[in-house]
Amino acid sequence: MKPRAFSWIRLWALVKKEFIHILRDPRSLAMAFLMPLILLILFGYAITMDIKTLNLAVYDQDRSATSRLYLEGFPASSYFTVVAAVDSYAAAREELDRGRAHLALVIPRHFARDLEQGHNPQVQILADGSDANTATIALGYAEAITNRFSSAQQGRAIELAVDNRVRVWYNPELKSRWFIIPGLIAVIMTVITALLTSLTVSREWESGTMEQLIATPVQPLELFLGKMAPYFVIGVADVLFSVAMGVWVFGVPLRGSFLFLLGVTAMFLVGGLSLGIMVSTIARSQLVASQLAMVVTFLPAFLLSGFLYSIDNMPRFLQGVTHVVQARYFVEVLKNIFLKASPPSFVAYDLIFLALFAVVVFAIALGKFRKKLS
């Protein structure tokens, strides 16, 4: 028997059927539109690496005008708040132990005299290392304030030959939200796309309508594309909505090409939706399909995409694993589009792997889909 040719009419009928089902299913609508909104707001405000207030305990053994001038630089920086002036190491340690201070600053005796005589007095900073990230940032701030004070003191006697100025590109104020939000959009969409399509085929098997579809003249490719197309449209709408929130709610600049962003989004959605259909084909139960989709998308996207943790700092084995994580490439491209306005040639490596992931997963998902129908 001669195989039936591909029919756009049958495909359009399947797409309309899937759209009608989505519109009649409040759970699908909530997952498609409310979940990205909730996750973006929740993670967008909850995940931050900006440290605006650091508590400082001070043990000033010199009690001179110079030491007070040095100390004034800490609250003047707007990062530090002096919460205690102590008179012993034991008291300084108690402030750290009780969590009332992040740092304890110890100024030695003869601090002013040593400066006047051209010596280099050493101040001591004790940090609470139970929160390594906060301690590292706090020590960096304290070092910058100390270096500024030291340069000012040297400037009284000699003129510095080098004018050292630091300029930060792409994110001048070092706002963590500027690099978190683009990556967060990629992570959320990785999870949402797989979740949406992971329930499509398994829902048909559970409800018994898959047998009816198989009995119709519908081709496997038509059914596959008919399942994917509505969620592709929803995925594009979700990405555009997330980008709008990132720009207008979180204040992240979109410096790159909007058309380039749409093209990358389309490439990403093909791979993500195909992955969800593949999961849905393997697991005939909606519960199992949704759980499996979460396992294969959320944890890899959150931990191995470079969204929060630098891939270069991971063990070599995990660095190799990240190459099969689709979100890794989408995160990198989105950050470049948002902050650097990079052209496609600058992120060609990521685009190639993103396209390769989409093609390979689409082919595997379609193959398993055909086999399952037969």
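Note that this is a predicted model, so its numbers are computed, not measured. (Residues numbered from 1 in each chain as written. Predicted model: local features only at pLDDT ≥ 70, side-chain atom pairs only at ≥ 80, totals over all residues. Heavy atoms only, no water.)

1. What to know about the packing of aromatic side chains
Two aromatic rings are characterised by how far apart their centres lie and by the angle between their planes. Applying the stated criterion to the full structure yields 15 aromatic pairs. On the basis of an interplanar angle of 20° and a centroid distance of 6.3 Å, the ring pair of F111 and F149 is categorised as stacked. Residue F111 is found in helix α5 (residues 111-116), and its partner F149 is found in helix α6 (residues 132-157); the two are separated by 38 residues along the sequence. This pair shows no difference in class: F111 is buried, exactly as F149 is. Here the aromatic rings of Y349 and F353 are separated by 4.7 Å at their centres, their planes lie at 50°, and the arrangement is tilted. In this pair, Y349 and F353 are both assigned in helix α14 (residues 348-373), four residues apart and thus about one turn of the helix distant. (Phe/Tyr/Trp six-rings, centres within 6.5 Å; stacked < 30°, edge-to-face > 60°. Helix = DSSP H or I, 4+ residues; strand = E, 2+ residues; numbered from the N terminus. Buried < 20%, exposed > 50% of the residue type's maximum accessible area, 1.4 Å probe, protein only.)

2. A look at the environment of R148
With respect to the element layout, R148 can be found in helix α6. Counting along the chain gives 219 residues from R148 to G367, while the straight-line C-alpha distance between them is 64 Å.

3. Here we look at a nonpolar patch on the surface
Together, I41, Y45, W248 and V249 make up a nonpolar patch on the protein surface, roughly 470 Å² of accessible area in all. By the element assignment, Y45 lies in helix α2 (residues 26-46). On the basis of relative accessibility, which here comes to 44%, the residue Y45 falls in the partly exposed class. (Patch = residues over 30% accessible without salt bridge, like charges linked within 9 Å, V, L, I, M, F, W, Y side chains within 5 Å. Areas by Shrake-Rupley, 256 points an atom, 1.4 Å probe, with all protein chains shown as cover. Salt bridge = Lys/Arg side-chain N within 4 Å of Asp/Glu carboxyl O.)

4. Some details on the side chain of N336
By the element assignment, N336 lies in helix α13 (residues 326-340). Of the polar contacts made by the side chain of N336, one reaches the backbone oxygen of E332; its length is 2.7 Å. Residues in contact with N336, not counting those within four places in the same chain, are A341, S342 and V347. (Polar contact = N/O pair within 3.5 Å; in protein donor to acceptor, adjacent residues only side chain to side chain. Contact = heavy atoms within 4.5 Å.)

5. Let's talk about unusual backbone geometry
Its identity is not glycine, yet R63 carries a phi of approximately 50°, on the positive side. Following the sequence through the fold, R63 ends up in the loop between β1 (54-60) and α3 (65-76). Residue classification places R63 among the exposed residues on the basis of a relative accessible area of 59%. Despite not being glycine, S78 has its phi angle at roughly 75°, a positive value.

6. What to know about the sheet that holds strand β4 (residues 124-127)
Judged by pairing direction, the sheet is mixed, and its four strands sit side by side in the order β2-β1-β3-β4 without closing on themselves. The open sheet has two edge strands with one neighbour each: β2 (80-85) and β4. Across the sheet, the mean angle separating the axes of adjacent strands is 30° when strand polarity is ignored. Judged from the five bridges that link them, β1 and strand β3 (residues 103-107) form a sheet pairing that is parallel. (Pairing = 2+ DSSP bridges. Axes fitted to C-alpha atoms, helices over the stretch in contact; angles between N-to-C directions.)

7. Re the environment of F362
Along the chain, the position of F362 falls in helix α14. The spatial distance from the C-alpha of F362 to the C-alpha of F224 is 9.9 Å, given a sequence separation of 138 residues.

8. Description of the pattern of salt bridges
The full count for this structure, using the stated rule, is seven salt bridges. Where R98 meets E94, a salt bridge forms, and the shortest distance between an N and an O atom there is 3.0 Å. Relative accessible area serves as the criterion here: at 56%, R98 is assigned to the exposed category. Here the residues in one salt-bridge network are K17, E18 and K227, joined through shared partners.

9. Remarks on the nonpolar core
By size, the foremost hydrophobic cluster in this structure holds 72 residues, and its most contacted members are I185, V264 and F307. Among the elements that make up this core, the one with the highest residue count is helix α7 (residues 176-207) (17 residues). Apart from residues lying up to four places away in sequence, V264 is in contact with F330, V333, I337, L351 and L354. The next biggest cluster of nonpolar side chains, apart from the first, holds 16 residues, and it includes L103, L105, F111 and F149. (Core = buried A, V, L, I, M, F, W, Y, C linked by side-chain atoms within 4.5 Å.)

10. A short note on the packing of α7 against helix α10 (residues 258-282)
To describe two helices that pack against each other, one gives the angle between their axes and the distance between the axes. Contact pair α7 / α10: the axes reach a minimum separation of 7 Å and the direction vectors enclose 40°. It follows from the interaxial angle that α7 and α10 lie oblique. For the pair α7 and α10, the sense of crossing is right-handed. Contacts between α7 and α10 involve A186, M189, T190, T193, A194, T197, S198, L199, T200, V201 and S202 from the first element and F268, L269, G272, L273, G276, I277, V279, S280 and T281 from the second. Looking at side-chain class alone, the contact of α7 with α10 contains 10 nonpolar, 10 polar and no charged residues. (Parallel < 35°, antiparallel > 145°, perpendicular 65-115°, else oblique. Left-handed = near helix turned anticlockwise from the far one by under 90°. Nonpolar A, V, L, I, M, F, W, Y, C, P; charged D, E, K, R; others polar.)

11. Quick look at the side chain of D62
Mapped onto the elements of the fold, D62 is located in the loop between β1 and α3. Nearest to the buried, unbridged D62 among oppositely charged side chains is R113, at 7.7 Å. Polar contacts involving the side chain of D62 include one to the side chain of S64, which spans 2.4 Å. A polar atom in the side chain of D62 sits 3.3 Å from the backbone nitrogen of A112. Ignoring sequence-local partners within four residues, the contact set of D62 consists of S67, I107, P108, R109, H110, F111 and A112. (Lys, Arg positive; Asp, Glu negative; His and termini not counted.)

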